[in-house]
Amino acid sequence: IIPYARGRVRSLPLEQCAHEAQTLAEAGYQEIVLTGIEISSWGQDLGGSLTLIDAVEAICRAVPAHIRVRLGSLEPRTITPEFCRRAAALPNLCPHFHLSMQSGCDSVLARMNRKYDSERYYESVRLLNEAYETPGITTDLIVGFPGETEEEFQQTLAFIRRCAFSAMHIFPYSRRPGTPADGMPGQILNSVKEDRAHRAQQAALEMEAAYLDRWVGRTVPVLFEEERDGLWRGHTTRYSEVAAPSGENLHNQLRQVYITGRAGNTLQGELCEGQEK
């Protein structure tokens, strides 16, 4: 239902993007997230040839080098060789990319009226892995879309494993009155949707654990946010959560952390003064 509710694209002008980022940095914020209804469409209503990467460059250059800039959800076709070349040249742009997916099966994507197929999606994943060392690539998945067969779901399971996501959000399809999907035949039983969501979640957790384990024994910068259960918690540039003990108030502090292990989907670490390796 979202496309019917959000209206036309409205882009914040380039100069205003840079100015707002600069104002936030001056106010003490250590990380700025570029978000909106559909940020991949930024610039389409401004005339000329401006695209999202132009806004990203302007924002990254408007703030000090230590201020993190993170992208919100992206349409996968945003990721092109030129986008990756320009993005990778920005040292304060977080190497974390959330690419909207919804399904890894082409026939389901077609029924969803998506403008990409699985191969184009995987091309984005490949380009990011070539441009960055161990980027964080996350996504959303909807299971149980009308008409989804077990074979189609298995294709999606195989596809997400091929992409090796660092983390995933998984949702069972939910009917929304007034949408084309609401009137489609082959509505899936809730019990089947729940089972598929569980199986997809298991695969996602396995991939997330494998991704996080790659960071054990390394030193990474962590922006700390809050203390919970006796540990200070924050995120790496790749959006992995890190927990570390400290008697200091680490809120809004960017510190180097040596990663000692993993507990579930959270990395465990110790404060240090090293540089990211």
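Use the structure listed above.
Residues numbered from 1 in each chain as written. Predicted model: local features only at pLDDT ≥ 70, side-chain atom pairs only at ≥ 80, totals over all residues. Heavy atoms only, no water.

This next bit is on the packing of aromatic side chains. Applying the stated rule across the entire model yields six aromatic pairs. Relative to tyrosine 132, the ring of phenylalanine 97 has its centre 5.4 Å away and its plane inclined at 50 degrees; by these criteria the two rings are tilted. Of the two residues, phenylalanine 97 sits in strand β3 (residues 96-98) while tyrosine 132 sits in the loop between α6 (118-131) and β4 (136-143), which places them 35 residues apart along the sequence. This pair shows no difference in class: phenylalanine 97 is buried, exactly as tyrosine 132 is. Between tyrosine 121 and phenylalanine 159, the aromatic rings sit 5.9 Å apart at their centres with planes inclined by 70 degrees, giving edge-to-face as the arrangement. Residue tyrosine 121 is located in helix α6, and its partner phenylalanine 159 is located in helix α7 (residues 150-163); the two are separated by 38 residues in the primary sequence. Judged by its relative accessible area of 1%, tyrosine 121 falls in the buried class. Taken together through their ring pairs, the aromatic side chains of Tyr116, Tyr121, Phe159 and Phe165 make up a single cluster. One residue, arginine 162, lies across the ring of tyrosine 122, its end atom 3.8 Å from the ring centre. (Phe/Tyr/Trp six-rings, centres within 6.5 Å; stacked < 30°, edge-to-face > 60°. Helix = DSSP H or I, 4+ residues; strand = E, 2+ residues; numbered from the N terminus. Buried < 20%, exposed > 50% of the residue type's maximum accessible area, 1.4 Å probe, protein only. Lys NZ or Arg CZ within 6 Å of the ring centre and 35° of its normal.)

Oppositely charged side chains are able to pair whenever their charged atoms sit close together. In this structure the tally under the stated criterion is 21 salt bridges. Note that glutamate 241 and arginine 228 form a salt bridge whose closest N and O atoms lie 3.7 Å from each other. Residue glutamate 241 is found in strand β8 (residues 241-244), and its partner arginine 228 is found in strand β6 (residues 219-228); the two are separated by 13 residues along the sequence. Put simply, Glu148, Glu150, Asp195, Arg196 and Arg199 are held in one network by salt bridges that share partners. (Salt bridge = Lys/Arg side-chain N within 4 Å of Asp/Glu carboxyl O.)

The contact between helix α2 (residues 14-26) and helix α3 (residues 52-62) brings their axes to 8 Å, and the two run at 35 degrees. In this structure, the crossing between α2 and α3 has a hand that is right-handed. Here Leu14, Cys17, Ala18, Ala21 and Gln22 of α2 lie close against α3, whose contacting residues are Asp54, Ala55, Ala58, Ile59 and Ala62. Looking at the contact of α2 with α3 residue by residue, the classes come out as eight nonpolar, one polar and one charged. (Axes fitted to C-alpha atoms, helices over the stretch in contact; angles between N-to-C directions. Left-handed = near helix turned anticlockwise from the far one by under 90°. Contact = heavy atoms within 4.5 Å. Nonpolar A, V, L, I, M, F, W, Y, C, P; charged D, E, K, R; others polar.)

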